[in-house]
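Here is how the chains run, residue by residue.
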Number of protein chains: 2
Amino acid sequence: MKASDARAFFASPESLALDDYLLLDYVFECQDDPELAAAHLCSEQSTAQWKRVDVSEDYRPRFAAKVLDLNIEPVPTGFSVPMPEFGDQQVHRCRIRIAHPHANFGPRLPNLLSAVLGEGAFFAPGIPLIKLLDIAFPDAFLSAFQGPRFGIGGIREQLKVFDRPIFFGVIKPNIGLPPEPFAELAYEAWRGGLDIAKDDEMLADPDWSPLAERARLLGAARRRAEQETGVPKIYLANITDEVDRLLELHDTAVAAGAGAVMLNAWPTGLSAARMLRQHTKVPLVAHFPVIAAMSRLPFYGVHSRVLTKLQRLAGFDVIIMPGFGNRMMTPAEEVRACIHACVDPAFGQLKPSLPVPGGSDSAATLESVHAQVGSADFGFVPGRGVFSHPQGPAAGATSLHQAWQAISAGVPVAEAAEQQSELKAALATFG
Amino acid sequence: MKASDARAFFASPESLALDDYLLLDYVFECQDDPELAAAHLCSEQSTAQWKRVDVSEDYRPRFAAKVLDLNIEPVPTGFSVPMPEFGDQQVHRCRIRIAHPHANFGPRLPNLLSAVLGEGAFFAPGIPLIKLLDIAFPDAFLSAFQGPRFGIGGIREQLKVFDRPIFFGVIKPNIGLPPEPFAELAYEAWRGGLDIAKDDEMLADPDWSPLAERARLLGAARRRAEQETGVPKIYLANITDEVDRLLELHDTAVAAGAGAVMLNAWPTGLSAARMLRQHTKVPLVAHFPVIAAMSRLPFYGVHSRVLTKLQRLAGFDVIIMPGFGNRMMTPAEEVRACIHACVDPAFGQLKPSLPVPGGSDSAATLESVHAQVGSADFGFVPGRGVFSHPQGPAAGATSLHQAWQAISAGVPVAEAAEQQSELKAALATFG
């Protein structure tokens, strides 16, 4: 690209009608001229060829993605991931903000993904390493999306739980256990105070636990637990399956008594989730398989905050994400960025999604998770912390309430445990 | 996990009914005991909790993923991607083969993805870096999939082209050009000998080029080109859009005269593609946005060969992939592995998909791409190489045929160009 052509891919924010543009923040590493690489990055994701041969025309003013800001730093240590096929020329790490015209494709998730994570980003000449760090949508784009139907407020209303985290529990064993004992475990946990008993994301509709039968038994167990405790409960059914079965599985699960349904968002597809959003009668819950494959490394792929925003856009009421602690290999700052993406009020008319940072949780981790989140507006999702509690699932669920009571009273959880056997056993086993 | 428990996650191939298992090849890096890490990797993707508390049972024999083979190598230079939060303990790089029982989830693409690229793989304790290198499906699993409806043979029959690569061309300018001149460009390229004029993967159904109108004009242009040349042609319409519009857009495009339809496979979702496969009347073509975000790095994510196999499983007749040459930043060996995944006869009853390795191609690259592929069973997909040819799109398409005639006659393309102005201009412009 000639320098004069490259200049057409730069603009000042003041010169653009920003409601017509997505704002994309990338970090990339390159060895050649960073300004030329930046122009290529814009060109490849929009109007790489902006005119016909022998025709006087230019599609760049209206259709080109444009560099708004470019920050260039030399990296003395070279590429952040060794690139043996490159020489030892100076490497620059560049932070760039791009304005991308959304009318190039319209308010459609598959086309949005193709534009911001497609050939334009990952095959721009001279840019072997790149990560999409953030995305901002103007109201003109957001207004085409319904977003969460229930949001945090709707889920709190359904459960009549207004002033504490929502207690989820992943029923375990998840693989192999037939529906009848599986429902019995959920019943016990609900009796002990669990709000939402959920299917593991790996448990869907296999021969040995057909969803229809499982939902029937869980629905009955839920009603029994509600009658005995006088408190609303939710069975969260995992309906992750082929796209053409989702509506039918939703209907089956909900008719049997599921109060919410879960999709593995990325494997099933965000667009399929958006389709289900138009149909659903209950909250939609997202789980996170596959996302780490493109989000873990600091300078390659896509930041999980972007994927969280896309899940909220697709209409998930609840977003389960890798949480705090070494076990989930996700920096605390990244988890907090994803939580913020769920609840950020600057997201058009879209309701907030309930963030659920998860991973090896139990009564022993509630205090630190609450401190990290900084509010009670989150879901807490132990698996073994409830279902492998040595005194059984009811005690596991009870231990969560005991921990929360201590936290809200300002008493250290370890101190409160001295008087409460369920909490004491939880700390001894999982602490 | 206790050593005695870890042993239950190891098995010999002879001890298993292999038709019940997927074979998964991963490479991972760890600092702790590699055998324990391997057991965790199996446990987390299957029966992490294999019994209830106080119940004598064990779900591992039937439901556990099992290590069949483990090869451990110390890496003196440490992790392949710097991991500052880890110390400088010895790092091991491990190649592992796992047998994963497919009855845990059944023949469903979203559940398959969740099992092999989910929390089990990317959050196994002690394994910060992992890549899924390959996957093998037993016939018992493959038999549930239709695979490509037309395959290579069906596309060749449709075009009556049996003995050379299929010539695709990406109509350019792709972003901004209205349907009428866009159709005119395709018409010219078809007149010059192009087989398939295609929409760019970034061009879908925007206001400034609605698919219905574009397909109507392209369909008419195609029929005109067929009448004038006496040769069958295909307009390949990009119908990438929200999942609930796919069938309608397919019907609209095909009724107007599209002879094939394209999906950006990963952004739209493989399961949505499988749904479309049941409905389609024309070949389905896959394009590759997003895939590089999780496949480029040597020791993290998933190998593109795996994603190619999944696209064939979903039913794509044609798979466009990053091709040869520095521009596409993909090692030649990786491109060849993806091509092999398209055509490998050991894939149950599924027809082969036509591989289309692409990236900045023109008459100048046909010889080297053909040599790399090693057969004529591929698609060749220039964009600018046809539509920015200095003598126009007809000459661009003609230059491909001239290059192929030289190749099949054993004449160097550069030598043949001396007598043929279209080819000569192509080599001068793009060579």
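Cut-off values and rules
Residues numbered from 1 in each chain as written. Chains lettered and ligands numbered in written order. Predicted model: local features only at pLDDT ≥ 70, side-chain atom pairs only at ≥ 80, totals over all residues. Heavy atoms only, no water. UniProt positions renumbered as here; feature names shortened; annotations may be inferred. Axes fitted to C-alpha atoms, helices over the stretch in contact; angles between N-to-C directions. Helix = DSSP H or I, 4+ residues; strand = E, 2+ residues; numbered from the N terminus. Parallel < 35°, antiparallel > 145°, perpendicular 65-115°, else oblique. Contact = heavy atoms within 4.5 Å. Nonpolar A, V, L, I, M, F, W, Y, C, P; charged D, E, K, R; others polar. Least-squares fit on C-alpha atoms with pLDDT ≥ 70 in both. Pairing = 2+ DSSP bridges. Buried < 20%, exposed > 50% of the residue type's maximum accessible area, 1.4 Å probe, protein only. Phe/Tyr/Trp six-rings, centres within 6.5 Å; stacked < 30°, edge-to-face > 60°. Core = buried A, V, L, I, M, F, W, Y, C linked by side-chain atoms within 4.5 Å. Salt bridge = Lys/Arg side-chain N within 4 Å of Asp/Glu carboxyl O. Polar contact = N/O pair within 3.5 Å; in protein donor to acceptor, adjacent residues only side chain to side chain. Buried area = accessible area lost by both parts, 1.4 Å probe. Arc of directions from axis to C-beta.

If you check an unreviewed UniProt entry, chain A appears there as Ribulose 1,5-bisphosphate carboxylase, large subunit from Thiorhodovibrio frisius. Reading the Sequence similarities (unreviewed entry) entry of the UniProt record for chain A gives the comment "Belongs to the RuBisCO large chain family."

Q: Quick one: what's the story with the packing of helix α18 (residues 393-409) of chain B against helix α20 (residues 421-430) of chain B, residue by residue and with numbers?
A: Residues and elements named next belong to chain B. α20 packs onto α18 with a crossing angle of 100° between their chain directions and a minimal axis gap of 8 Å. By the angle class used here, α18 and α20 are roughly perpendicular. On α20, the residues touching A395, T398, S399, Q402 and A403 of α18 are E422, L423 and A426. Its residues assigned to classes, the contact of α18 with α20 comprises 4 nonpolar, 3 polar and 1 charged.

Q: Lay out the UniProt feature "domain: Ribulose bisphosphate carboxylase large subunit C-terminal" (unreviewed entry) in chain A with the relevant residues and their values.
A: Annotation from UniProt places "domain: Ribulose bisphosphate carboxylase large subunit C-terminal" (unreviewed entry) at residues 152-430 of chain A. Within the segment residues 152-430 of chain A, helix and strand shares are 48% and 13% respectively, and the terminal C-alpha atoms sit 29 Å apart.

Q: Talk me through the relation of the copies chain A and chain B; I want residue IDs and the actual numbers.
A: Mapping chain A onto chain B calls for a screw motion: a turn of 180° about the axis and a shift of 0.0 Å along it, with 0.0 Å RMSD after fitting. In the structure described here, the two chain copies are related by an operation that fits a two-fold rotation axis. Comparing contact sets, 100% of the residues at the interface of chain A also lie at the interface in chain B, consistent with an isologous, same-surface contact.

Q: Account for the environment of L113(B), naming residues and giving values.
A: Among the secondary structure elements, L113(B) is positioned in helix α4 (residues 109-116). Measuring from C-alpha to C-alpha, the distance between L113(B) and L310(B) comes to 9.3 Å, with 197 residues separating the pair along the chain. Apart from residues lying up to four places away in sequence, L113(B) is in contact with P267(A), V290(A), G118(B), W266(B), L270(B) and L310(B).

Q: Outline the sheet that holds strand β8 (residues 260-264) of chain A, listing residues and values.
A: All names here are of chain A. Across the sheet, which stays open at both edges, the 8 strands sit in the order β12-β11-β9-β8-β7-β6-β5-β13 with parallel pairing between neighbours. In this open sheet, the two strands that pair with only one neighbour each are β12 (354-358) and β13 (379-380). Here strand β6 (residues 196-198) pairs with strand β7 (residues 234-238) via 3 bridges, running parallel. Bridge pairing in β7 links K198 to L236. Each of β5 (166-170), β6, β7, β11 (318-322) and β12 is contacted by helix α7 (residues 151-159), which is oriented at about 80° to β12, the strand it contacts most.

Q: I'd like a description of the sheet that holds strand β3 (residues 91-101) of chain A, backed by residues and values.
A: Residues and elements named next belong to chain A. Reading across from one edge, β2-β3-β1-β4-β10 is the order of the 5 strands in this open sheet, with mixed pairing throughout. Since the sheet does not close on itself, it has two edges, and those belong to β2 (66-75) and β10 (301-302), each with one partner. As defined by bridge partners, strand β1 (residues 21-30) adjoins β3 across 10 bridges and the pair is classed as antiparallel. Counted as the bridge partner of F28 is C94 from β3. Where helix α2 (residues 34-44) meets the sheet, it contacts β1, β2, β3 and β4 (129-136), and its direction lies at approximately 140° from that of β2.

Q: Give a description of the environment of H279(B) that names residues and reports values.
A: Residues and elements named next belong to chain B. Structurally, the position occupied by H279 is in helix α12 (residues 270-279). Accessibility expressed as a relative area gives 25% for H279, which makes it partly exposed. Once you skip the residues sitting within four places of it in the chain, H279 turns out to touch L247, H250 and D251.

Q: Quick one: what's the story with the packing of aromatic side chains, residue by residue and with numbers?
A: The tally for this structure, following the rule as stated, stands at 20 aromatic pairs over all chains. On the numbers, 5.3 Å between centres and 70° between planes, the contact of F79(A) with F86(A) is edge-to-face. Plain terms: the ring middles of Y59(B) and F63(B) are 6.2 Å apart, the flat faces sit at 65° to each other, and that makes the pair edge-to-face. Comparing Y59(B) with F63(B), the two get one shared label, buried. Among the aromatic residues, those joined into a ring-pair cluster are F105(A), F137(A), F141(A), F145(A) and F347(A).

Q: Lay out the nonpolar core with the relevant residues and their values.
A: If you look at the biggest cluster of nonpolar residues, it comprises 303 residues, and the most contacted ones within it are L112(A), L313(A), L112(B) and L313(B). Residues in contact with L313(B), not counting those within four places in the same chain, are L109(B), L112(B), F137(B), F141(B), L142(B), F145(B), G147(B), F347(B) and L350(B).

Q: Now, about the pattern of salt bridges: what can you tell me, with residues and values included?
A: Between side chains of opposite charge, a pair can form as their charged atoms come close. By the definition in use, this model includes 46 salt bridges over all chains. A salt bridge links R108(B) to D241(A); its shortest N-O distance comes to 3.5 Å. Taken together, the residues R108(B) in the loop between β3 (91-101) and α4 and D241(A) in the loop between β7 and α10 (246-256) connect one chain to another. Judged by its relative accessible area of 16%, R108(B) falls in the buried class. Residue R214(B) pairs with D199(B) through a salt bridge whose shortest N-O separation is 2.7 Å. Of this pair, R214(B) sits in helix α9 (residues 211-229) while D199(B) sits in the loop between β6 (196-198) and α9; the two residues are 15 residues apart in sequence, bridging distant segments of the chain. Residues joined by salt bridges that share partners form a network here, namely R108(A), D205(B), D241(B), R245(B) and E248(B).

Q: Give a detailed account of the side chain of S271(A), specifying residues and quantitative values.
A: Here S271(A) lies in helix α12 (residues 270-279). For S271(A), a relative accessible area of 2% corresponds to the buried category. Looking at S271(A), its side chain comes within polar contact range of the main-chain nitrogen of V243(B), at 2.7 Å. Setting aside anything within four residues of it in sequence, one finds S271(A) in contact with L109(A), P110(A), D241(B), E242(B) and V243(B).

Q: Can you tell me about the interface of chain A and chain B, naming the residues and giving the values?
A: Each partner contributes to the interface: chain A provides 89 residues, whereas chain B provides 89 residues. Between chain A and chain B the total buried area reaches about 7400 Å² when both faces are included, carbon and sulfur atoms providing 59% of it. Between chain A and chain B we count 10 salt bridges in total. Put simply, R274(B) and E242(A) hold a salt bridge, and the shortest N to O gap is 2.4 Å. Summed over the shared surface of chain A and chain B, the number is 32 residue pairs in polar contact (both at pLDDT 80 or more). Where the side of chain A that touches chain B is concerned, the elements lending two or more residues are α3 (60-63), α4 (109-116), α5 (119-122), α8 (179-191), α11 (265-268), α12, α13 (292-295) and α17 (384-387) of chain A. It is α4(A) that contributes the most residues to the side of chain A that touches chain B, 6 residues altogether. Here the residues of the side of chain A that touches chain B are counted per class, giving 49 nonpolar, 21 polar and 19 charged.

Q: Would you mind going over helix α16 (residues 366-373) of chain B in detail, with residue names and values included?
A: All names here are of chain B. Buried residues of α16: L366, V369 and V373, and no others. The buried side chains of α16 occupy one side of the element, clustering within an arc of 65° when seen end-on. Each element contacted by the buried residues of α16 is listed here: β5 (166-170), α15 (332-343), β12 (354-358), β13 (379-380) and α18. Once α16 finishes, G374 follows within two positions and takes phi at roughly 85°, a positive value.

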